[in-house]
Amino acid sequence: MKKYDELTEFLLRMGDSALVQGQRLCEWCGRAPALEEEMALMNVGLDLVGQARNWLDYAAQRINDGRDADMLAFRRDERDYRNLLLVEQPNGDFAVTMSKQFLYDAWQFHLLEALTESADQQVAAIAAKSLKEVIYHLRRSSEWVERLGDGTEESHQRMAAAIDTLWRFTFEFQETDAVVDSLSESGIIPDAGALKQQWQQTVAKVFTDATLSVPEDARSFYLSGREGMHTEHLGILLAEMQFLQRAYPDASW
Amino acid sequence: MYAQMVDTGVKQVKSLDEMDAEERAFQQKIDAEVKIEAKNWMPEGYRKTLIRQISQHAHSEVVGMLPEGNWVTRAPTFKRKLQLMAKIQDEAGHGLYLYSAMETLGADRDEEIDKLHSGKAKYSSIFNYPTLNWADMGAVGWLVDGAAIVNQVVLQRTSYGPYSRAMIRICKEESFHQRQGYEILLHMMQHGNEAQKEMVQDAINRLWWPSLMMFGPSDADSPNSAQSMAWKIKRHTNDELRQRFIDQTVPQLEFLGCTAPDPDLKWNEERGHYDFGVINWQEFYDVLKGYGPCNRERIETRRQAIDNGAWVREAAVAHANKKKQRSVA
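Predicted model only: the values in this text are computed from it and were never measured.

1. Section: the pattern of salt bridges
Residues and elements named next belong to chain B.
Part 1: Throughout the structure, instances matching the rule amount to 36 salt bridges over all chains.
Part 2: Between E37 and R165 there is a salt bridge, with its nearest N and O atoms 2.8 Å apart. With E37 in the loop between α1 (21–31) and α2 (44–63) and R165 in helix α7 (residues 161–191), this pair connects stretches of sequence that are 128 residues apart.
Part 3: Between E194 and K197 there is a salt bridge, and its shortest N-O distance comes to 3.9 Å.

Structure follows, in structure tokens:
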């Protein structure tokens, strides 16, 4: 269900995905497989939550109803969240976490690269800043996919299982809608077809290097993160993340 | 202080006359404030004491992430969430520097971590207390990092070079964390509602005494201090540092408009210091021995992290080996 103008809807999609992915990374705190990963997971999460703030700041400016980025992040209901279904999925084991990260990074990377040329200057500026971080995110998650896919028998099996679990959510990287079509026509975001191809190529290359097979295109299954139709996981994630703002609505932190 | 009751294995400090030539030369270097480096000769007791102290310190950084992890998913605003994530990332980094400093002494990181998981090695008692409301994120930054800094500022001059240099780097980041922690509390006290002010006072009530315990037992019950002081691993006694912490913290507490849970806390004009009540040492030793509120959970979480990650680390090694073989072939 579309609530705002196309550009605002798009900003919410970008911000919400980065925020939810960052929130999932926070859940790893103290639980990573090595101290180096403890640092890296928090570092990537920090970048993403920072990106989310930039996108939602801009969204709040456009919505202009007195809410700021914090209110959009910490007081909005599940049905108004516009993030990708992929990023709200539970962390599972390290294979699920890194697969989620990689599929998302590959999409972010190609999208942000194109957005640096956006007809909207503020979008271009946020994208340029985010892209610097995402180049590193994608390099790191690609390396992990390769290491785990082409590591031991166990790690290979875990990766295959992780991809099997997550792949169905990737239909959202492939499908277009009215918001995307209209924004790409006016040169604010890239053409959906081209983006889909780039994403597929990156995924295919990394999966091949990782000795993992590339599944066929995912088909949609009657949910849509960008329309606020989520899996059941998002509500619980938000209940935790929004607890203080919901419990103490008149508080200043 | 992130290291408490570090055993030196020495019952009585030797005088220069009682030492052999090597040991005397070492002690004279220490006395002349020359830093000891990894390749220099050092008495076995000095090496072992430092390994114990630095590993305890590193473990504390890592276990110290857990009480914050309890709130990082619930931070109330972008600003607070980003600050806390950055702090946690810094702590993982401190753990890494410290384990590296420890490895210069010939210790093995994995072995030392095994000791932590089996209960043989310690970490700071403070991290065995639960974080029960958001103000704990402020109080941990202000009191716990504050107490750690009092100790670590002095450790910048510790006699072992790699440890001293790690401390210089860590102190800069810790002071930043401490200011951020205080600012969380100050904001809640100055701009918050009644419920928020209660959270702040509640956090201080729970964390005040455990923070004072971070400096370790009082000097009279600190059997290892004399040798650690002679080696200049430690530069001040536990009681001196505790007093310094209290003296600098009480004015900040008053500025917040909060109180300490200690009816005996008052300025002593004659001493030029604050007097304070008797610490519950039974609690300190209980927590140190594993009977604190969260000891089991903290160790269990860390052990699970390492156990659950075993297949990941094995895969990384296997992949690196495959790559090496391929490049040779």
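2. Description of the packing of aromatic side chains
Part 1: What the rule picks out here adds up to 22 aromatic pairs over all chains.
Part 2: Both rings, one in F169(A) and one in F221(A), keep their centres 5.7 Å apart while their planes meet at 65°; by these two values the pair is edge-to-face. Linking F169(A) in the loop between α7 (153–166) and α8 (171–174) with F221(A) in the loop between α10 (192–209) and α11 (233–241), this pair joins segments that are 52 residues apart in sequence.
Part 3: Overall, F221(A) belongs to the partly exposed group, its relative accessible area being 23%.
Part 4: Here a set of aromatic residues connected by ring pairs shows up, and it is made of F102(A), Y104(A), W107(A), W167(A), F173(A), W199(A) and F207(A).
Part 5: Taking the ring centre of W144(A) as reference, the NZ or CZ of R147(A) above it sits at 4.5 Å.
Part 6: The positively charged end of R74(B) is found above the aromatic ring belonging to W71(B), 3.7 Å away from the centroid.

3. Let's talk about unusual backbone geometry
Part 1: Although it is not a glycine, Y222(A) sits at a positive phi angle of roughly 70°.
Part 2: Along the chain, Y222(A) turns up in the loop between α10 and α11.
Part 3: Judged by its relative accessible area of 75%, Y222(A) falls in the exposed class.
Part 4: A positive phi angle is found at K232(B), which is not glycine, with a value near 55°.
Part 5: Among the secondary structure elements, K232(B) is positioned in the loop between α9 (225–230) and α10 (238–256).
Part 6: The class of K232(B) is buried, set by a relative accessible area of 16%.

4. Concerning the packing of α2(B) against α7(B)
Residues and elements named next belong to chain B.
Part 1: Two elements in contact, α2 and α7, have axes whose closest approach is 13 Å; the angle formed by their N-to-C orientations is 25°. Between α2 and α7, the angle is such that the two are roughly parallel. In the crossing of α2 with α7, the sense of the turn from one axis to the other is left-handed. Contact residues: α2 offers L50, Q53, I54, H57 and E61, while α7 offers Y163, M167, I170 and E174.
Part 2: Tallied by class, the residues present in the contact of α2 with α7 amount to five nonpolar, two polar and two charged.

5. Brief notes about the state of the cysteines
Part 1: Under the counting rule described, the total for this entry stands at zero disulfides over all chains.
Part 2: Free cysteine: C26(A), not disulfide-bonded; nearest cysteine sulfur from C29(A) at 8.0 Å.

6. Some details on the interface of chain A and chain B
Part 1: The partner chain B presents 49 residues to the 51 residues of chain A that form the contact.
Part 2: Here chain A and chain B share an interface that buries about 4,400 Å² over both sides, 69% of which is from carbon and sulfur atoms.
Part 3: Connecting chain A to chain B are four salt bridges.
Part 4: The partner of E38(A) in a salt bridge is R302(B), with the nearest N and O atoms 3.8 Å apart.
Part 5: Elements that contribute at least two residues to the side of chain A that touches chain B include exactly α1 (6–26), α2 (35–63), α3 (69–75), α5 (94–115), α6 (121–149), α7, α11 and α12 (243–247) of chain A.

7. So, the nonpolar core
Part 1: In this structure, L103(A), L115(A), Y46(B), W134(B) and W208(B) are the most contacted members of the largest nonpolar core, which totals 180 residues.
Part 2: Looking at which element gives the most residues to this core, the answer is α2(A), with 14 residues.
Part 3: If sequence neighbours within four positions are ignored, Y46(B) has contacts with F26(B), I30(B), I36(B), S159(B), Y160(B), W231(B) and I233(B).

8. Side note on α10(A)
Residues and elements named next belong to chain A.
Part 1: Over its 18 residues, α10 runs 26 Å from end to end, which matches the ideal 26 Å to within 8%, given 1.5 Å per residue.
Part 2: Residues of α10 that are buried: A192, L195, W199, T202, V203, V206 and F207. Looking down the long axis of α10, one finds its buried residues gathered within 125° of arc, a one-sided arrangement. When the buried face of α10 is taken as reference, the exposed residues oriented beyond 90 degrees from it are Q201, K205 and T208.
Part 3: Contacts from the buried residues of α10 go to α5, α6, α7, α8 and α9 (178–185).
Part 4: A positive phi of about 60° marks T211, the residue just after α10.

9. Let's talk about the confidence of the model for chain B
Segments scoring low in pLDDT should not have their predicted coordinates read at a detailed level.
Part 1: Mean pLDDT over chain B works out to 95, with 100% of the residues at or above the 70 mark.
Part 2: If you check the scores for this complex, the pTM reads 0.96 and the ipTM reads 0.98.

10. Comments concerning the packing of helix α6 (residues 135–155) of chain B against α10(B)
All names here are of chain B.
Part 1: Where α6 contacts α10, the two axes come as close as 10 Å, and the packing angle between them is 145°. Of the two elements, α6 crosses α10, and the hand of that crossing is right-handed. Side by side, α6 and α10 meet where W142, L143, G146, A147, V150, N151 and V154 of the first sit next to L241, R244, F245, Q248, T249, Q252, L253 and L256 of the second.
Part 2: By residue class, the composition of the contact of α6 with α10 is nine nonpolar, five polar and one charged.

Rules and cut-offs
- Residues numbered from 1 in each chain as written.
- Chains lettered and ligands numbered in written order.
- Predicted model: local features only at pLDDT ≥ 70, side-chain atom pairs only at ≥ 80, totals over all residues.
- Heavy atoms only, no water.
- Salt bridge = Lys/Arg side-chain N within 4 Å of Asp/Glu carboxyl O.
- Helix = DSSP H or I, 4+ residues; strand = E, 2+ residues; numbered from the N terminus.
- Phe/Tyr/Trp six-rings, centres within 6.5 Å; stacked < 30°, edge-to-face > 60°.
- Buried < 20%, exposed > 50% of the residue type's maximum accessible area, 1.4 Å probe, protein only.
- Lys NZ or Arg CZ within 6 Å of the ring centre and 35° of its normal.
- Axes fitted to C-alpha atoms, helices over the stretch in contact; angles between N-to-C directions.
- Parallel < 35°, antiparallel > 145°, perpendicular 65-115°, else oblique.
- Left-handed = near helix turned anticlockwise from the far one by under 90°.
- Contact = heavy atoms within 4.5 Å.
- Nonpolar A, V, L, I, M, F, W, Y, C, P; charged D, E, K, R; others polar.
- Disulfide = S-S within 2.5 Å.
- Buried area = accessible area lost by both parts, 1.4 Å probe.
- Core = buried A, V, L, I, M, F, W, Y, C linked by side-chain atoms within 4.5 Å.
- Expected span 1.5 Å × (residues − 1).
- Arc of directions from axis to C-beta.
- pLDDT = per-residue confidence, 0-100.

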